[in-house]
Amino acid sequence: KRHKFWETQPVGQFKDIGDSSLPDGPIEPPTPLSEVKQEPYNLPNSYEWTTCDMSSEEICIEVYNLLKNNYVEDDENLFRFNYSKEFLGWALRPPGYFTSWHIGVRAKASKKLVAFISGIPARIRVRDEVVKMAEINFLCVHKKLRSKRLAPVMIKEVTRRVHLENIWQAAYTAGVVLPTPITTCQYWHRSLNPKKLIDVGFSRLGARMTMSRTIKLYKLPDSPVTPGFRKMERRDVPAVTRLLRIYLRQFDVAPDFDESDVEHWLLPKESVVDSFLVESPDSHVITDFCSFYTLPSSILGNQTYSTLKAAYSYYNVSTKTPLLQLMNDALIVAKQKDFDVFNALDVMENESVLKELKFGPGDGQLHYYLYNYRIRHALKPSELGLVLL
Ligand SMILES: COc1cccc(CC(=N)NC(=O)c2cccnc2OC2CCNCC2)c1
């Protein structure tokens, strides 16, 4: 398949697969900052760049509405991600963020926001190297402007602005195959509200299954079963950071979280991210951790329901409580919080518990990519310890 744009970029090329003369690591060396293009790339005439200050409620609403109406849909175009404003403000402003990496495109005449792309700084370990990267996300072009080749120029512009901050690598995911995935994950879903999921066409009634039998199949206890299972609090940040850093060491690619990262990414935030831990009742040692983020989807064209309330598995660590029981408690609290479905990728150790927790395989795949960093041998999903929003 021709990838006109990606064949010009420093990414693993399909033609290089298996060429073990190429070393792992950066594909191109950094450019001296004085040689980085100082001015923005050219857009088609009637469009202009805009930097989106996500601390402005008004700008947040513009980005929210662009994504709500034009961002990723499932393969059958039944659902579209509907990230909340609060979620976007959180996702785009972690410690050390750059407003200049929150890039919009406006129509000059109407000043309407018609496209967006974002980057945030992240320290990602690849095997035994911690690399400063940009995590690229929320690339969105208005439905009416598709195939105007806006995406390549937006990707070049965010790359240019990342280079200006002396960062030369990036990480991103996509539902489509591009040169060249470092791994390809399956996604899985666990029904929490099976009746609604069937009514909206997310799930189908199993063969030889009645609705009441299906509701019973997915029923969960009213509260978590693990003694000492509780919501994470700010005072837990040091202990959770230690637990998570040790746990993530086993994966080939994983975030290098410090306490300020954990405080931002994992402290519970209403309708954005939920996190829980297990504190041993007698020793008060924190032995386990689980978390999920809130990403609703708009239900396109259903008379009864407009929104699918979905939880997405985030980071989980089990050192004492079996992962199966820990994740089941996560399902229980997600059901308590009225989520309709709990989604997970087969990354980290998830694959080992998904089937037993009654997850069903989704109908798509999520591919992970690194920019300007070669990993000759693709990873298995179980070797990946990175979850992007
Ligand atoms: C249910 O509503 C949907 C609305 C749009 C797309 C999809 C299918 C899909 N593409 N799902 C995922 O990418 C996915 C499935 C399980 C876990 N994380 C996921 O994606 C995350 C991570 C990448 N950025 C989007 C959210 C589903």
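Scroll up to find the structure.
This structure is a prediction, so every number in the text was calculated from the model and none was measured.

Cut-offs used in this document
Residues numbered from 1 in each chain as written. Predicted model: local features only at pLDDT ≥ 70, side-chain atom pairs only at ≥ 80, totals over all residues. Heavy atoms only, no water. Helix = DSSP H or I, 4+ residues; strand = E, 2+ residues; numbered from the N terminus. Expected span 1.5 Å × (residues − 1). Buried < 20%, exposed > 50% of the residue type's maximum accessible area, 1.4 Å probe, protein only. Contact = heavy atoms within 4.5 Å. Near = heavy atom within 4 Å. Polar contact = N/O pair within 3.5 Å; in protein donor to acceptor, adjacent residues only side chain to side chain. Areas by Shrake-Rupley, 256 points an atom, 1.4 Å probe, with all protein chains shown as cover. Nonpolar A, V, L, I, M, F, W, Y, C, P; charged D, E, K, R; others polar. Pairing = 2+ DSSP bridges. Axes fitted to C-alpha atoms, helices over the stretch in contact; angles between N-to-C directions. Salt bridge = Lys/Arg side-chain N within 4 Å of Asp/Glu carboxyl O. 1 Å grid on protein atoms, 1.4 Å probe; cavity = no way out; pocket = protein on both sides within 12 Å on 5 of 7 lines; lining within 4 Å. Points joined across faces, edges and corners; volume = space filled by probe spheres on them.

(A) Broad picture of helix 3 (residues 150–164). Taking 1.5 Å per residue, 15 residues should reach 21 Å; helix 3 reaches 21 Å between its end C-alpha atoms and fits that length. Counting buried positions along helix 3 yields twelve of 15 residues, so the element is predominantly enclosed. On its buried face, helix 3 sits against strand 1 (47–51), strand 3 (102–107), strand 4 (113–126), strand 5 (129–141) and strand 17 (359–371).

(B) Inspection of the site of the ligand at higher detail. Near the ligand, the surroundings consist of 18 residues, among which F79, Y83, Y187, S297 and L389 are the closest. S297 places a side-chain nitrogen or oxygen 2.8 Å from an oxygen atom of the ligand. Relative to its free-state accessible area of 590 Å², the ligand is covered by the protein chains to the extent of 92%. Its residues assigned to classes, the shell around the ligand comprises 14 nonpolar, two polar and two charged.

(C) Layout of the sheet that holds strand 12 (residues 297–299). Taken together, the three strands give an open sheet; going across it, the order is 2-12-13, and neighbouring strands pair in antiparallel fashion. Each of the sheet's edge strands pairs with one partner strand only, and the pair in question is strand 2 (79–81) and strand 13 (307–308). Of the pairings in the sheet, the one linking strand 12 to strand 13 comprises two bridges and is antiparallel in character. Across the sheet, S297 pairs through a bridge with L308, a residue of strand 13. Helix-sheet contacts for helix 1 (residues 57–70) involve strand 2 and strand 12, and the interaxial angle to strand 2 is about 155 degrees.

(D) Fine view of the pattern of salt bridges. In this structure the tally under the stated criterion is 28 salt bridges. The network of salt bridges with shared partners includes R123, R245, D256, D258 and D261.

(E) Broad picture of the layout of surface pockets. Roughly 380 Å³ of volume is contained in the second largest pocket. Looking at the lining of the second largest pocket, the elements with two or more residues in it are helix 2 (85–92), strand 4, strand 5 and helix 7 (259–266). The biggest single contributor to the lining of the second largest pocket is strand 4, with six residues.

(F) Highlighting helix 2. Among the eight residues in helix 2, six count as buried, and that is most of the element. Along helix 2, the residues that are buried comprise F87, L88, G89, W90, A91 and L92.

(G) Summary view of empty space enclosed by the protein. One pass over the structure, following the stated rule, counts one cavity of 30 Å³ or more. The calculated volume of the largest cavity comes to roughly 40 Å³. Around the largest cavity, the lining residues are Y247, Y314, N316, L323, M348, E349 and N350. Split by residue class, the lining of the largest cavity holds four nonpolar, two polar and one charged.

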